[in-house]
Amino acid sequence: MTEIASVESTTERQANPPSVVWLRIMALVYDPFLWMGEIAGMRRRRHTLLAGARGRVVEIGAGTGLNIAHYPDGIADLVLNEPEPGMRRRLARRLVRHAGVARIADAPAERLPLEDASVDTVVSTLVLCTVDDPERSLREIARVLRPDGQLLFIEHVRASSRFLAACQDLLLQPWRRFGGGCRCNRPTAELMRDCGFTVAAASAAWRGMPPIVRPLIVGRATR
């Protein structure tokens, strides 16, 4: 990464962070806001993706727990990381409702409380757009994964359409404040590759959601 890119990335991270009060509100409205997108295909994508989870599984940014119902039986261990208190409370309630056996950890993706090469599967769904330091987060994921481990992901990304990408750039800061820190124009697949991952991903559209977050990549990355 060039020095100029590093400066721009740091500036973008620091500008207009979401307020604590709004993050609390987001925890309450998150599920209703995503409801249409879930029934329009995201729920099915979660189920298909997570069927491939195996061994010791760690989910980053578990949010309110929309993935919990889709984890397959037979997982050796499930650790759900969520640094936002409001989201973590809702996550705990959903875990009880689903009678899931998992541990919830107060940890950001940039600092996972896990030993090196101790995880078989890391799961990230709609998370890498919100982390302050995606490169550091991806290096942490690489650190905790075993040599044959995998990162399973669904992420919305920068659009391939020049017009839609320009709209994402224009609306980046207002959407970031509204979306709890979400960067709608983040080129996540390229960042994965830059951090040493081999990425196998398919493009998709997040139906039922605003156009600036509609472009998705869904797939698997390995070290």
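Structural data are supplied above this passage.
Residues numbered from 1 in each chain as written. Predicted model: local features only at pLDDT ≥ 70, side-chain atom pairs only at ≥ 80, totals over all residues. Heavy atoms only, no water.

Draft legend 1. The arrangement of the sheet that holds strand β2 (residues 77–81) in detail. Read across the open sheet, the seven strands follow the order β3-β2-β1-β4-β5-β7-β6; overall the sheet is mixed. Strands at the two margins of the open sheet, each flanked by one partner only, are β3 (103–105) and β6 (198–205). Along the sheet, successive strands turn relative to each other by an average axial angle of 15°, direction set aside. Direction of pairing for strand β1 (residues 56–59) relative to strand β4 (residues 119–125): parallel, over a ladder of three bridges. When the sheet's bridge partners are listed, Val58 is paired in β4 with Val122. (Pairing = 2+ DSSP bridges. Helix = DSSP H or I, 4+ residues; strand = E, 2+ residues; numbered from the N terminus. Axes fitted to C-alpha atoms, helices over the stretch in contact; angles between N-to-C directions.)

Draft legend 2. Representation of the environment of Arg56. When you line up the elements, Arg56 lands in strand β1. Sequence separation between Arg56 and Arg103 is 47 residues; the distance between their C-alpha atoms is 12 Å. Sequence-distant contacts of Arg56, that is, excluding residues within four places in its chain, are made with Ala76, Asp77, Val79, Arg103, Leu114, Ser118, Val119, Asp120, Thr121 and Arg146. (Contact = heavy atoms within 4.5 Å.)

Draft legend 3. Up close: the packing of aromatic side chains. Applying the stated criterion across every chain yields a total of four aromatic pairs. Arranged with centres 6.4 Å apart and planes meeting at 45°, the rings of Phe33 and Trp175 form a pair that is tilted. Here the residue Phe33 occupies a position in helix α2 (residues 20–50), and Trp175 occupies one in helix α6 (residues 172–178), the gap between them amounting to 142 residues. Ring geometry for Trp175 and Phe178: centres 5.3 Å apart, planes at 50°, overall tilted. With Trp175 and Phe178 both in helix α6 and three residues apart, the pair spans about one turn of that helix. You can call Trp175 buried: its relative accessible area is 14%. Given the relative accessible area of 33%, Phe178 is considered partly exposed. Taken together through their ring pairs, the aromatic side chains of Trp22, Phe33, Trp175 and Phe178 make up a single cluster. (Phe/Tyr/Trp six-rings, centres within 6.5 Å; stacked < 30°, edge-to-face > 60°. Buried < 20%, exposed > 50% of the residue type's maximum accessible area, 1.4 Å probe, protein only.)

Draft legend 4. Highlighting the environment of Arg220. Mapping Arg220 onto the fold places it in strand β7 (residues 215–222). Since its relative accessible area comes to 38%, Arg220 is described here as partly exposed. Along the chain, Arg220 and Ala92 lie 128 residues apart, while their C-alpha atoms are 27 Å from each other. Setting aside residues no more than four positions away along its own chain, Arg220 makes contact with Arg54, Gln150, Leu151, Leu152, Phe153, Thr198, Val199 and Ala200.

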